[in-house]
Each structure stands twice: as C-alpha cells, then as structure tokens.
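One letter stands for each residue in the lines below.
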Amino acid sequence: MNAQDTIAAIATGASDAGIGIIRISGEHAFEAASKLFRTPGGRSDISNFAPNTIHFGYILENGEVIDEVLLTVMKAPHSYTTEDTVEINTHGGVYVMNRVLELVLRCGVRLAEPGEFTKRAFLGGRIDLSRAEAVMDLISSQSEFARKTAVAQLEGAISARVRALREKILYEIAFIESALDDPENFSLDGYPEKLKATCEALLAEMNELILASRRGQTLKRGIRTVIAGKPNAGKSSLLNRLVGRERAIVTEIAGTTRDLLEETARIGNVQLCITDTAGIHETSDRIEQIGIDRAVRALHEAELVLFVADSSEELTEEDRLVVRKIAQTAEGRSEADRIRCIAIRNKSDLGEKVSEQDMIRLFESEGLKAEHISCSMTTGEGLDSLESTISELFRLGEILERNEVFLANARQTQAMCEAAEAVSLTLESIDQGLSEDFYSIDLMNAYRSLGTIIGEAVEDDLVEEIFSNFCLGK
Amino acid sequence: MSEKKAYELKTDVCVIGAGHAGCEAALACARLGLETVIFTMNVESIAMMPCNPHIGGSSKGHLVREIDALGGEMGKNIDKTFIQSKMLNVSKGPAVHSLRTQADKAAYSREMRKVLESQEHLTIRQAEVTEILTGTDDQEGRPCVTGVRIHTGTVYCCRAVIICTGTYLNARCLVGESITETGPSGMQRSTYLTDSLNGLGIPLRRFKTGTPARMDGRSLDYSKMQIQEGDREVIPFSYSTDPRDVQIEQVPCYLTYTNEETHEIIRENIDRSPIYAGIIEGTGPRYCPSIEDKVVKFAEKTRHQVFIEPEGRDTNEVYVDGMSSSMPDDVQWRMYRTVPGLENCVIVKNAYAIEYDCINANLLRLTLETRAVDGLFCAGQFNGSSGYEEAAAQGLIAGINAAMKILGKEPLILHRSEAYIGVLIDDLVTKNNREPYRMMTSRAEYRLLLRQDNADLRLRRYGYRVGLITQEQYDHVCEKERLINEEICRLKSIRIGAARENQEYLKSVGSAELSTAATLAALLCRPELDYEKLAGLDPDRPDLPKEVTSQVEISIKYEGYIERQQKQVEQFEKLENKKIPPNINYDDVGSLRLEARQKLKEFLPISIGQASRLSGVTPADISVLLIYLEKNRV
C-alpha cells in the first residue's frame, strides 16, 4: 500500500464501446506517459504541455504504433485526483486499451486499487466527505468482491504454479541466508552456478506463464478474430450478421471501412473478439493505407481468420493478395499460436462462380488449410453452417481446451512480469560475479511480487523456511 | 502493606537487573543526568555472560556497532576485553560483513562493573526488587510508575522503571530429571516480580533456552581438532577505539564434529530429555537448537559442528559451542566423549535448559514502555529476545526513552529502514513471536543500507540529539560524510582517456583496456578494481582516511542496488511518517473489519506503517484508516 505511487487504470467501464480512457495519476504521470506517447510532430515532453490541453498522437511500443489517441494533460492540483494526471483516449477497442494499460504499467506505474482515484480526490480535498464515505463503502465492498473473485480464479492450477515458483525461490533465499548467518557451517562454494541454472528454469517458466496469460486473457475476452477479404467482399455485412447489429458502415463503395472495428459476438459457447478490417488491397490513398496496415497488424495477432470472398465473381489477384497476407502472418507461429481459417464464399444468392475446390486451391497454393463454407450475408442463408463450423473448430479444442493456466488480469500479469524482472536481475548479478547476499535481495523481490498474485504477504515466511530446512548451529 | 511507613529513598530511574540490557539502560539514564539506581541480585554477576563467550556475529555485530554509534557501552567494553576477533563473510557483499569476537568473560564483566562504578549519577544496589509501585497520572488518570520496593521493604521512589530481569524471573534449570530453582549458572533467581506485574494487568509468559557444557580445557585433545584463529588485522567494534589498541595476541578456538555414535546415544535416550518428555513447558528457540533437537529434526545429517571456545585468558574452562543440551548428566558425559578430542573430557558445568518468565513484547510501545503503565519500560531477554547484543540494544533504547520521557523530550524510535535496532524492536513489538527472538540479517529488508560499516553515518545524529554523543563526535561524522560525498562527486566527474599509459596501467592491475574514455567511478565499478588500485590513474586524489575511501568505494560499486533499496525505503517511510493519533477511537472508524479493529485496538500502532505490519490488518483496512485520518485532520 503506497498512497503516493503513481497509479493507472481504465477509467471508463471496460465495455465493448471500443473507446475508453486510461487515467494515469501521480507524481510520475507525465514521465510515464512521455515514454509511450508521440505527437505527429515527434513531441513527447508532456510535462511541457500546457495544462488542460488535448493532444493528438500515437502510443508507441518499440517504435511501432499501437493506437492513435487523444491525450489530455492536467496539472496538479487542477485534476480530479488533484495530482498530475494524464488521460489517454484510446479507440482501438478493448484489446488495444488493455495493451496500452499494460504498457503504462511497465513504466513504473502501478494499477490503481478499486476507488483509489476517488480516494486521492478526497485526500487532496477535491471531493467532500459524503462522497468520500460512499467511496469508502465501495472500497471495502469492492476489495471483498475482488478478493472473492481472485480466490475463485485462483482456486486452480495457477495458484498451484505460483506457489510452486515461490517455494523454489524461498528455498534458495533461505539457503543463502542460512549460509550468511552461519558461514562456518554452510559453504557457498559452487552455489552461483547451481543458482544460475535454477534461475534460468524459473525465468523460462515465468515467461511462459506471462505469454500464456496474455493469450488466456484474450481468450476470456474472446478469440481474436479477424474478418479479412478484398474490398466489398462483404466483410462488414458478416460482422453485422454475427453481432446482430448495424455497426460497420456498409455501402457498395469499396474501401468504406477504413478503421478497425472491434465487436464481441457469441457463437455457441465461444466468445469472439472480432476485428473488421479495411479491405486489403493496393491503394494510393494514404489514409486508406493506414487502415490496411492496421488490418495486417490485426492479422498478426489473430487466432481465427474469417476470409470472405465474393463468389458471384471469379477469384481475383486481390483475393490472392489477402490470402497471401494471411499466410505471411501465419508463418513462424508456434503450435499454440496457430491461426485457424474459415473461407467464406459470400453472395451465394447471386450465383456461385467460385467453387469450394477453387477456394481450396487458393489456400493450398499459399500453404494454408481452411474450413470452407458458402453463404449469403444478404439472405442469411448458410450462416448457420458458419456458426457451426466455428463452434466445431473451437469445441475441437485447438484453443479452448489447450488446457493452459493463465493469470486472470493485468495486475497479476504485471506482478509476474516484476517477478521475472527480479529473477533476471539475479542472473545479471551472478554473471557480474557479485556475491550471494545480492542474489537474495532480488530473489526476495521476486518472492514478494509473486505473493501479491495470490494475495499472500511475506510475513515471516523466510525465517520459518530457514529454521525448518537448515540446521543453524552457533 | 505494612502499617509502618517504609524507609524511602528518592531517585529518577530504577533499573531492575544488571545484565547487558540493564547496564546500557542505566548508563544511558545516568549519562543524561538522571539519578539512577541499578538493582542486581548479585553484584558479582554484573554484565555476566552466562551462555556463549562471543559478542557480535552475523547481524549481532551490526547491533553492537549501532549501540556504539548511539553512545552505548557494549562496543567499547568488548574492545577492551576480547581475546579473538574475526570479520565474518568477508568474501560476501559489505552488507553481510559482520564482526565477531570471543570475549574474556570475567574481564568483560569486571570492566563493565568498573564503568558502572565510575559513572556519575549511577548507584549499584544488590537487592531483589519485589514490587513495582504505581499511582495515577495527574492529567489523564492513567496508572503510572511511582517507585519500586525491594525485598527488605525499602522503597525507591522514582519516575521511571526499566525491567531487565533477563532469564532470572522464576527461573528453573533442567539437566534431565534434575531440576533446580535457580537463575543461570547457579545464580539466585528472582520470584516476586511476576505477581507484581500480574497485579498491574501485565501477564507474563514462559520461554526457554539452553546452554552447552563447560569443560576443563586440560582434558581435551586439541590435536584431533582444527584450529580456528582470529583475523591478522583486528578491526575494533567501537568508533572511539584506536585500532592500534586492539592488535593484541589472540587466543585460538578449535573445531570438531559430532558423529553417528553421538547421535545414537542421543536417540537412545531421547525420552529422558525434559523437552521430549514434556517436562519443559516454555518455548525454545529454533535458531539455537539443542544437540538433541538437531539430531531429531535433521536426522539426515551425519555430523554437526562443535566449536571449542575459551571462556577467558585466565581460566581453563572452555565452552562447547553447538552442543547445548538438557540431557541427564550421565547421557551428557557419554555423548560428549564420543566427539573427537573430547574422549577424556571433564565436565566443569553441565549443559542445561533454563525456563523463565518474560513479557510478550506486543504489550509494549515502540519506545519499549508498557502500554499498561506509564513510565514502566522493559528491555532485553525479558522482552522475549535472546542474545547479549539484542539485550544491550533494547537496554540502550529503553534507557534513552525513559530519560526522554522524564526530560520531556521526543522519544527515540528507529525505523526498520534506519537500523537493525529498529527492525529488532519493531519485530518484537509488532509481530507475533512464539520463541526467543534472535537478530538475523534476513530480517532486515533494507540491509544493503544498514551496514555495519556505516552505523555512525546512520545513527550518530540520533545519539547526538538525545545527548549521548558529544559535539566533537558528531562534528567528526558530519565531516566524514562531507568528505565522502565530495570524493564520490570527484570520481564521477574525472574522465580517464584511452591513452597508452592508462591502458598499460589497467593491464598491469589485471583489468581490461578502455574502449573509450570512462570516469573513475565507472572504473571503480569493475569487480577487479578497487579504490587503491585506481591510484595510478588518479595522481591528484586528495589524501583521505580509509573510513572515507571505503565508504566511497561501497557507494559507487553497489550504486544500482543501493539506489533500488533507497527507493523502496522512500515508499516505506511515507507510511511510517503517517502518524496515528494516540487518542484514536477505532470504534468510530466505519468499514473496518472486526479482526482489524481488534488488532488495532490491541496494539495501538503509532503509524500507518506499523499498522500495516500487524497480522490481520489488510490493505483495504489501511485504506479505510487513511481516509478516516484525513477526514479527522484538524
């Protein structure tokens, strides 16, 4: 509990609105946001921005644009929390919003506790007592709720794995500490090499968990699904059919969908998190090109691709271009990340000029496998078979029954990242030839971070471990 | 009480017990100008070391340094009376270097007695204190100390009492089936104080500890053991000791091992051990296990270390470290004689277990004053700790705080981020300890900052503030700090180019050549280089004492780690500095969970930080508390 940390959270409800605000508040809010944000003019010196101003720009990760955002700058004490505050308006959908939050949390910012912005608003004298007391009730009820849900989520494999990691780490710390406490009784000769192997194994396992968790969280939110196809093949109509609402602007002019739209749909037991992409094709329109680049990026993260072709016309080079893009993004993926494709021959009501064989050939020529169906978005004919194919694909368990354990939320993932970071630091210290007492400092930090995942404080674990495992003599 | 008015004497402070805690407490009070009486069951047992013959050791050495930095006596006294000295863990990082000395027990006791006897405002009185006398505070109506009564009925009126009864209160010693009602080493025990404290609403509990046998050194065959010598260059404990004065002729210790035969004898007779037979009711320490505990709990180990340590220069008696026991006499003889070199050993004093009454330190404030009675302070083994150094540290703090209270000054509470003493007292007062508490480096979260080499830089200013450190001593440490900072800046600003002669020099001291210019500080970070070795690249360096350059070296070499810990400390301190007013009514704080409310009422933490360390108080409770405090801020 550090009341003065810089904190961040999604300030709008995590709805399917596709637009959300991430609020960062505290002493280091500007500094953290500066690490991620660039204006088109290349400015990122947020602390020099005028108070109460809004700026257009990009959120970058390793130089790559994650999202276009509007950034609001408020300086203490003129903000809700009375602290320096940055609000990032994202509009890349729920997935992107979470991704941005994760990036923020890697900049020395911690996730806000429930009600913490309001708590700070009160502590800063911004809101009155009656409101604060309402929040106080909220805090206790929410943390109770949070505790219950956390426990429920953790009553499974994940807590067992985190515990196992902690136990291994604690054993090593206890050994080091025993040796430091009683140097005449315990020798540390050759220990660094042994610890190095242990740490490498720990780190590998932690990284695997982090990866799996990112996947698992998405799975819970929905399978990352991309609808792809050449312009005007009927992608937006498919989205609207799946979601059951008119969402994407559908016209007969190719290139109508320039932005990425994200929607959630439930097909049988499976939740889909669908991105409708601008049609992938060669274009000289700069703005359209941005949309296409994004579509390609969405494909890179996709787990399921719904390829839509207009079967009332012969297959064209444009169709092949799209399939090639899919094939390119499918390349080099691990088995766990394998992309699944469903090839949809749309406009079946307008006569079939493309046969299933044509489609199979198209996909095979790019080295891809796909399920094939034919349907009409206009009449709805054949949509049942799309639904059943998706259900089947995923009931067959390529993703859902992958049986992976994963951390439930961004906070837990962040804690795991911190733990992994601490283990890396230990490895660094071993390589630099520092002495054993330094290792245990970092290992203790790893142990603490892991503890926050399963809600266990450190208390006197270490001392207990030392006494139960090592015989201190003097 | 008798009708006749008791004979009355007046003083400021009464210290009960003249062990390591009592001596520091009494000296602190007297040195701060308060009339102080120190009571002891027997004047011959002042600063007695009834168990092991060492002072210091891992983390305990840190405590001694801190005691010295604050103006205590232990470091000075051991510098006068040690017979062997060793810096432990020198191959490890500076945070875990720790000084350990073998003491000449008789000399230690004698020298400390001299210090007490020559201290102005301090009186020694051989007597058993039988009763703590209390009255009612004029302003708040709370019970407060008014004096003590001794066994003769005489009353000493005073304003503060410091209880340092160690292991003497209702003590009994056990050697197998034989039980004697004595304090340590056959000293007379004290008995009355338990009832008096219970009467004041202060319950006591029972702890146990043990000690190994003492043997006649002439009966041992040292040729079968490994000799253990002290360091060639001895570093003193005290900042006031001239290092030249401690380069004395040292006495060796010897190392030998138990074996399966030893363990077999113990296993065969385990039902005769008072602990395993259930005769001992007190809780014993796990870090200092008896040999029977080691054999039972670590059955897979085929041998355990045994150190033979002299009890002093002028005695044949040796201490058999690593084999404390409460086995019956006949088993002791047989098991000791299985150890190589001890085949013909002659026991002078049996190993024994001792049980005693002590307080649960959860009943104390961080000042070591009881919450039940104003002006009643407790320190040392009576608080459920173990070890001479832990006792002395508490004695010093209790003494200082008793004095501060009488003088109407701010108490001294050291944070966990400032001193091992802070960790020690916070752990004792805040945590749930079920056995005698021993200091360990692993208990200190910020140990990289709490090194034995920088105790003066950390704590002199507190010693100066309370009045135990002189202006001159304080000025010295301020100047040292200035020189350190200046030199660090200098090393960070001077760049060494990749010129030929520099490269040659680096090669000559076994370091890699420079690819581009680097600062002296960057070079110092190389593991193979140190401050001395950089001299060849740094001809214009100022002439600085070793105590400065070694601090400079540590600060630069471990800068990354130190900075990380400093950041953690900053976070920690924010909560420590959020004070909870003493008059808070937790029933008024809505939304607190019941368990948290009970804990908070019971412990009355002084800060949000302390509250957050109580078991049963969750982060949500802390949020609620924070909001409540803000709301009620005047």
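Please read these numbers as outputs of a predicted model, since none were measured by experiment. (Residues numbered from 1 in each chain as written. Chains lettered and ligands numbered in written order. Predicted model: local features only at pLDDT ≥ 70, side-chain atom pairs only at ≥ 80, totals over all residues. Heavy atoms only, no water.)

> Would you explain the overall build of chain B in this entry?
Of the regular secondary structure elements, chain B holds 19 helices and 24 strands. Relative to the globule expectation of 26 Å for 634 residues, the C-alpha radius of gyration of chain B, 26 Å, shows essentially globular dimensions. Taking the principal axes of the C-alpha coordinates as reference, chain B spans close to 95 × 75 × 50 Å. Across the 634 residues in chain B, those meeting the buried criterion constitute 61%. Counting only contacts in chain B whose residues sit at least 6 apart along the sequence, the fraction spanning at least 24 positions is 73%. For chain B, the computed accessible surface area is about 24800 Å², with 49% contributed by carbon and sulfur atoms. Positive and negative side-chain charges in chain B, numbering 79 and 89 respectively, have mean positions lying 3 Å apart. (Helix = DSSP H or I, 4+ residues; strand = E, 2+ residues; numbered from the N terminus. Rg over C-alpha atoms; globule rule 2.2 N^0.38 Å. Buried < 20%, exposed > 50% of the residue type's maximum accessible area, 1.4 Å probe, protein only. Contact = heavy atoms within 4.5 Å. Areas by Shrake-Rupley, 256 points an atom, 1.4 Å probe, with all protein chains shown as cover. Lys, Arg positive; Asp, Glu negative; His and termini not counted. Charge placed at Lys NZ, Arg CZ, Asp CG, Glu CD.)

> Is there a simple way to think about the state of the cysteines in this case?
Every disulfide links exactly two cysteines, by a covalent bond between their sulfur atoms. Residues and elements named next belong to chain B. Across all of its chains, the model carries 0 disulfides over all chains by this definition. Unpaired in this structure, Cys 29 has its nearest cysteine sulfur neighbour in Cys 164, at a distance of 9.5 Å. Judged by its relative accessible area of 0%, Cys 29 falls in the buried class. (Disulfide = S-S within 2.5 Å.)

> Explain the pairing of strand β3 (residues 36-40) of chain B to me, please; I cannot follow it from the model alone.
Two faces belong to every sheet, and in a regular strand the side chains alternate between them. Residue and element names in this part refer to chain B. Burial of β3 is extensive: 5 of the 5 residues sit out of reach of the surface. Where burial is concerned, the two faces of β3 agree: the one with Thr 36, Ile 38 and Thr 40 and the one with Val 37 and Phe 39 are both buried. When strand β2 (residues 13-16) meets β3, the two strands line up parallel, connected through 4 bridges. Bridge assignment links Ile 16 to a residue of β3, and that residue is Phe 39. For the crossover that starts at β2, traverses helix α1 (residues 20-31) and ends in the parallel β3, the hand is right-handed. (Pairing = 2+ DSSP bridges. Right-handed = clockwise from strand over helix to strand, strands pointing away.)

> Teacher, can you tell me more about a nonpolar patch on the surface here?
Together, A:Ile54, A:Phe56 and A:Leu70 make up an exposed nonpolar region whose accessible area comes to about 280 Å². Relative to the helices and strands, A:Leu70 is located in strand β5 (residues 64-74). (Patch = residues over 30% accessible without salt bridge, like charges linked within 9 Å, V, L, I, M, F, W, Y side chains within 5 Å. Salt bridge = Lys/Arg side-chain N within 4 Å of Asp/Glu carboxyl O.)

> I would appreciate a short explanation of unusual backbone geometry in the present structure.
The phi torsion of most residues other than glycine is negative, and most of the peptide bonds are trans. Between A:Ala76 and A:Pro77 the backbone carries a cis peptide bond, its omega angle lying at 0°. Considering the arrangement of structural elements, one finds A:Pro77 in the loop between β5 and β6 (85-90). Residues other than glycine seldom take positive phi values, yet B:Ser59 does so here, at roughly 65°. Among the secondary structure elements, B:Ser59 is positioned in the loop between β4 (54-56) and α2 (60-70). The class of B:Ser59 is buried, set by a relative accessible area of 0%. One non-glycine residue, B:Ser185, lies in positive phi territory at about 55°. Its place among the elements puts B:Ser185 in the loop between β13 (178-180) and α5 (193-199).

> How should I be thinking about the pattern of salt bridges in this particular structure?
Opposite charge on two side chains lets them pair, provided their charged atoms get close. For the coordinates displayed, the defined rule picks out 66 salt bridges over all chains. A:Glu184 is paired through a salt bridge with B:Arg100; the nearest N and O atoms lie 2.9 Å apart. With A:Glu184 in the loop between α5 (157-181) and α6 (191-221) and B:Arg100 in strand β6 (residues 98-103), the pair connects residues from two separate chains. Residue A:Glu184 is classed as buried on the basis of its relative accessible area, which comes to 18%. Taking relative accessible area as the criterion, B:Arg100 reaches 7% and is therefore assigned buried. The partner of B:Glu390 in a salt bridge is B:Lys60, with the nearest N and O atoms 3.2 Å apart. You can see B:Glu390 sitting in helix α9 (residues 388-407) and its partner B:Lys60 sitting in helix α2, a full 330 residues away along the chain.

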